[in-house]
Amino acid sequence: MYSILLSLHSGVRWLVLICILYALYRAYTGYTKKREFNQADNAIRHWTATMAHIQMIIGILLYVKSPVVQYFWKNVSAASRNGQYIFYALIHLLLMLTAIILLTIGSAKAKRANTAYRKYKIILLWFSLALLIILVAIPWPFSPLSNRPYFR
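Cut-offs used in this document
Residues numbered from 1 in each chain as written. Predicted model: local features only at pLDDT ≥ 70, side-chain atom pairs only at ≥ 80, totals over all residues. Heavy atoms only, no water. Helix = DSSP H or I, 4+ residues; strand = E, 2+ residues; numbered from the N terminus. Expected span 1.5 Å × (residues − 1). Buried < 20%, exposed > 50% of the residue type's maximum accessible area, 1.4 Å probe, protein only. Contact = heavy atoms within 4.5 Å. Polar contact = N/O pair within 3.5 Å; in protein donor to acceptor, adjacent residues only side chain to side chain. Salt bridge = Lys/Arg side-chain N within 4 Å of Asp/Glu carboxyl O. 1 Å grid on protein atoms, 1.4 Å probe; cavity = no way out; pocket = protein on both sides within 12 Å on 5 of 7 lines; lining within 4 Å. Points joined across faces, edges and corners; volume = space filled by probe spheres on them. Nonpolar A, V, L, I, M, F, W, Y, C, P; charged D, E, K, R; others polar. Core = buried A, V, L, I, M, F, W, Y, C linked by side-chain atoms within 4.5 Å. Patch = residues over 30% accessible without salt bridge, like charges linked within 9 Å, V, L, I, M, F, W, Y side chains within 5 Å. Areas by Shrake-Rupley, 256 points an atom, 1.4 Å probe, with all protein chains shown as cover. Phe/Tyr/Trp six-rings, centres within 6.5 Å; stacked < 30°, edge-to-face > 60°.

Enquirer: How would you explain helix α2 (residues 39-65) if you had to name every residue and give the values?
Expert: Taking 1.5 Å of rise per residue, the 27 residues of α2 would be expected to cover 39 Å, and the 39 Å separating its terminal C-alpha atoms lies within 8% of that figure. Here α2 has its buried residues at D41, I44, R45, T48, A49, M51, A52, Q55, I58, G59, L62 and Y63. Looking at the buried side of α2, the elements it contacts are α1 (2-32), α3 (67-74), α5 (83-112) and α6 (116-137). The backbone nitrogen of A40 lies 3.0 Å from a side-chain oxygen of the residue at the head of α2, namely N38.

Below, the structure written as structure tokens:
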């Protein structure tokens, strides 16, 4: 089950990134071209947040099953000397939860905004902040704390 969750979590990350980038693209073009906020924009806003929540659920399940995380919590003092354990047990978790919260707030605020201009502006701000945090928290192959392949 752990390996399935790990592969799923690795694959869904790309869907989340694509969704966020596309939502930002739509928000930017809508904002700069003063376009009306239409059903497609609303669906993209909604599905971006939904994909992020699905990824979070997979991530929480993976966190509970992870041997790295289990080792960290059973051996905190010894594991704290290894950046990889700290990364997965604390840093990755806290940053990703923060990013999901920002996406959720941005999505909710955009949904309730009363003008297209405000909706696009809100999505640009909140989704951009979330994307920056996500990019920092992903264990890229070049990451100094924990390097993982692009696909698992």
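Enquirer: Before we move on, can you summarise the pattern of salt bridges with the specific residues and values?
Expert: Side-chain pairs of opposite charge can arise where the charged atoms are in close proximity. Under the definition given, this model contains two salt bridges. In this structure, the salt-bridge partner of R26 is D41, at a minimum N-O distance of 2.8 Å. Here R26 is found in helix α1, whereas its partner D41 is found in helix α2, with 15 residues between them in sequence. This pair shows no difference in class: R26 is buried, exactly as D41 is. The closest approach of N and O atoms between D41 and R35, which form a salt bridge, is 3.0 Å.

Enquirer: For empty space enclosed by the protein, give the residues involved together with the corresponding values.
Expert: Picture a little ball the size of a water molecule; that probe, rolled over the atoms, points out where space is still empty. Throughout the structure, instances matching the rule amount to one cavity of 30 Å³ or more. Counted as a void, the largest cavity has a volume near 40 Å³. Surrounding the largest cavity, A23, R26, A27, F37, D41, I44, R45, Y120 and I123 form its lining.

Enquirer: Tell me about the layout of surface pockets, residues and numbers included.
Expert: Each pocket or cavity is described by its volume, and for the largest pocket that value is around 630 Å³. Every residue lining the largest pocket is counted, 30 residues in all, and those nearest its centre are H9, G59, L62, Y88 and H92. Elements supplying a minimum of two residues to the lining of the largest pocket: α1, α2, α3 and α5. Of the residues contributing to the lining of the largest pocket, the split by class is 21 nonpolar, six polar and three charged.

Enquirer: Can you tell me about the nonpolar core, naming the residues and giving the values?
Expert: Within the largest apolar cluster, 35 residues are counted, with the highest numbers of intra-cluster contacts made by I20, L103, F127 and I134. For this core, the secondary-structure elements that each account for two or more residues are α1, α2, α5 and α6. Ranked by residues supplied to this core, first place goes to α6 with 11 residues. When residues no more than four places from it in sequence are discounted, the contact partners of I134 are L17, I20, M96, A99 and L103. Membership of the second largest hydrophobic core comes to eight residues, among which are Y63, V68, V69 and A89.

Enquirer: Give a detailed account of a nonpolar patch on the surface, specifying residues and quantitative values.
Expert: A cluster of nonpolar side chains, namely I60, V64 and L97, defines an oily patch on the protein surface of about 240 Å² accessible area. Looking at the element boundaries, I60 is found in helix α2.

Enquirer: Explain the packing of aromatic side chains to me, and be specific about the residues and the numbers.
Expert: On inspection of all chains with the given rule, the structure shows eight aromatic pairs. Here the aromatic rings of W14 and W140 are separated by 5.9 Å at their centres, their planes lie at 65°, and the arrangement is edge-to-face. Of the two residues, W14 sits in helix α1 while W140 sits in the segment after α6, which places them 126 residues apart along the sequence. By relative accessible area, which is 23% here, W14 ends up partly exposed.

Enquirer: Report on unusual backbone geometry, specifying residues and quantitative values.
Expert: Its identity as a non-glycine residue notwithstanding, K34 has a phi of 50°, on the positive side. Examined against the element boundaries, K34 turns out to sit in the loop between α1 and α2.

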